[in-house]
Amino acid sequence: MRVSVLGLGYVGCVSAACLAGQGHEVVGVDVNQAKVDLVNDGKAPVVEERIGELVADVVRTGALRATRDVREAVLHSEVSLVCVGTPSEPNGSLCTTYLERVTEQIGAALAERGTSGGRHTVVFRSTMLPGTCLDLLVPILEKYTGGTAGVDFGVAVNPEFLREGTSVRDFFDPPKTVIGELDAASGDVVAGLYEGLPGEVFRVHIATAEAIKYADNAFHGLKIGFANELGAICQALGVDPHQVMDVFLADRKLNISPAYLRPGFAFGGSCLPKDLRSLVHAARRADVSVPILSHVLPSNSDHLQRAVELVERTGKRRAGLFGLSFKPGTDDLRESPLVELAERLIGKGYDLKIYDANVNLSRLLGANREYIETRLPHIAQLLVDSVDEVLDHAEVCLIGTKDPAVLAALPQGDGTLLIDLVRIPDAAARRAEPGYVGLVW
């Protein structure tokens, strides 16, 4: 394909050179004349492993050239890859100035081009927050072209996953390829750019593609911060942190896995809250600052509060709760987030009924019984023996379990207010129903 790449920083330069290396005819665009001159001389404007040789190669064969003229580049290409910077503003917000400016230039060029050269596809590779493309950039394109996105021109978001220092290698061996497509034709064009490269391809909604990049980078930062804080604690306690992490990383079932990485309800139980408190306390005693670890429990509490707020927004006063134990299939109530949720609702004056097939007051023993008597001493008046008793009582129901008996009895399509805390199996279908609300989906 004939491709214009707008912005010749790390992402743009690497994308332009690698696409040219894949056999595409590429023109790079940048406002900086020095960068343009370097590329046209067969030299990379960035320092990066393998990029110098690759740029020299593709410029020599004529597969890559550079210009400052956005209009000329767009008029002579089928695809425009936008790779301009999106730096932070002083207040931390995303600066979209360069994105807006280049989008206006692309739109003006497309208006001049018309339909004579076939449908042009604009692909945003810059990192931007969900909603930026559809709410800000597409309207700009439509204004300047006088056309309709998805009809007169294509639009896609194609985030990059290139690490500085190994970006050429990452381009040719990507961890994944993400295509946020406005329509299938736009997605097909982007998929064609990377044809033959390894790795799984995900074709998703545009806003999903925008969010994925942030999910990746936030998690990478979180992992680094977690490892460093744990290392500082271990060092203070006379423990080898690298040995600890070697064993930690060897666990591919829970630690380095999809486990615990699906949005759901708050965590609880007899281990996680207790052990986090102990670890943070040990860090404080050793004068080790651990801002990430010390905010995990407050974050968890805030997440639980989201469920309370969803109930408050309904304006109803009679509530039903399905599930009470910390984990499905057990009667363990110790630090159960559902017990905490019940406690907060009762404290706010809600008339609450609870059903959990595994919780029977007469069977509760030891620490379990002591915990519930301390936190919910009036639980005997709240627990009922059947799903129907909760449904008959409640104006709003909170689903905190995937018990098949509960799921089978839940009303469907009649407007009953259901707050889903666990993402029940048919959650995707129910999202269109009046009355159904997912906690964070």
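This structure is a prediction, so every number in the text was calculated from the model and none was measured.

Trainee: Can you help me understand the packing of helix α13 (residues 296-314) against helix α14 (residues 337-347) in this one?
Mentor: Packed helix pairs are specified by the crossing angle of their axes together with the interaxial distance, meaning the distance between the axes. Following both chains from N to C, one finds α13 and α14 inclined at 45 degrees, their axes separated by 10 Å at the closest point. Taken together, the axes of α13 and α14 lie oblique to each other. The handedness of the crossing between α13 and α14 is right-handed. On α14, the residues that touch S301, L304, Q305, A307, V308 and V311 of α13 are P337, E340, L341, R344 and L345.

Trainee: Sorry, what's going on with the UniProt feature "active site" (unreviewed entry) in the chain here?
Mentor: Sequence positions flagged by UniProt for "active site" (unreviewed entry) are, in local numbering, C271. On the basis of relative accessible area, C271 is assigned to the partly exposed category, the value being 44%.

Trainee: Looking at this structure, I do not really get the sheet that holds strand β7 (residues 177-181). What am I missing?
Mentor: Strand pairs in the sheet, formed through backbone hydrogen bonds, run parallel or antiparallel to each other. Reading across from one edge, β3-β2-β1-β4-β5-β6-β7-β8 is the order of the 8 strands in this open sheet, with mixed pairing throughout. Two strands close off the open sheet at either side, each with one partner strand: β3 (64-67) and β8 (201-204). Direction aside, the axes of adjacent strands within the sheet are offset by 25 degrees on average. With 4 bridges joining them, β7 and β8 adopt parallel strand pairing. Its bridge partner lying in β8, I179 is registered against R203.

Trainee: Help me out: how do you make sense of the environment of N255 in this one?
Mentor: Here N255 lies in the loop between α10 (241-250) and α11 (272-285). At 3.0 Å, the side chain of N255 forms a polar contact with the backbone oxygen of F248.

Trainee: What should I look at first to understand the sheet that holds strand β12 (residues 417-420) in this one?
Mentor: Taken in spatial order, the 5 strands make up an open sheet running β10-β9-β11-β12-β13, and their pairing is parallel. Of all strands in the sheet, those bounded by a partner on one side alone are β10 (351-355) and β13 (436-438). Across the sheet, the axes of successive neighbouring strands diverge by a mean angle of 20 degrees, strand direction being ignored. With 5 bridges joining them, strand β9 (residues 318-322) and β10 adopt parallel strand pairing. Counterpart to G320 in the pairing with β10 is K353. In the packing of α14 onto the sheet, the strands contacted are β9, β10 and β11 (396-399), and the crossing angle to β10 comes to about 160 degrees.

Trainee: Even after reading the chapter, I still don't get helix α1 (residues 10-21), so can you show me in this structure?
Mentor: At 3.6 residues per turn, the α-helix brings residues three or four places apart onto the same side. Along its 12 residues, α1 runs 16 Å from first to last C-alpha, staying within 8% of the 16 Å computed at 1.5 Å per residue. For α1, the tally of buried residues reaches 9 of 12 residues, placing the bulk of the element in the interior. Of all the positions in α1, only G12, C13, V14, S15, A16, A17, C18, L19 and A20 are classed as buried. Backbone geometry just after α1 places G23 at a positive phi near 105 degrees.

Criteria and cut-off values
- Residues numbered from 1 in each chain as written.
- Predicted model: local features only at pLDDT ≥ 70, side-chain atom pairs only at ≥ 80, totals over all residues.
- Heavy atoms only, no water.
- Axes fitted to C-alpha atoms, helices over the stretch in contact; angles between N-to-C directions.
- Helix = DSSP H or I, 4+ residues; strand = E, 2+ residues; numbered from the N terminus.
- Parallel < 35°, antiparallel > 145°, perpendicular 65-115°, else oblique.
- Left-handed = near helix turned anticlockwise from the far one by under 90°.
- Contact = heavy atoms within 4.5 Å.
- UniProt positions renumbered as here; feature names shortened; annotations may be inferred.
- Buried < 20%, exposed > 50% of the residue type's maximum accessible area, 1.4 Å probe, protein only.
- Pairing = 2+ DSSP bridges.
- Polar contact = N/O pair within 3.5 Å; in protein donor to acceptor, adjacent residues only side chain to side chain.
- Expected span 1.5 Å × (residues − 1).

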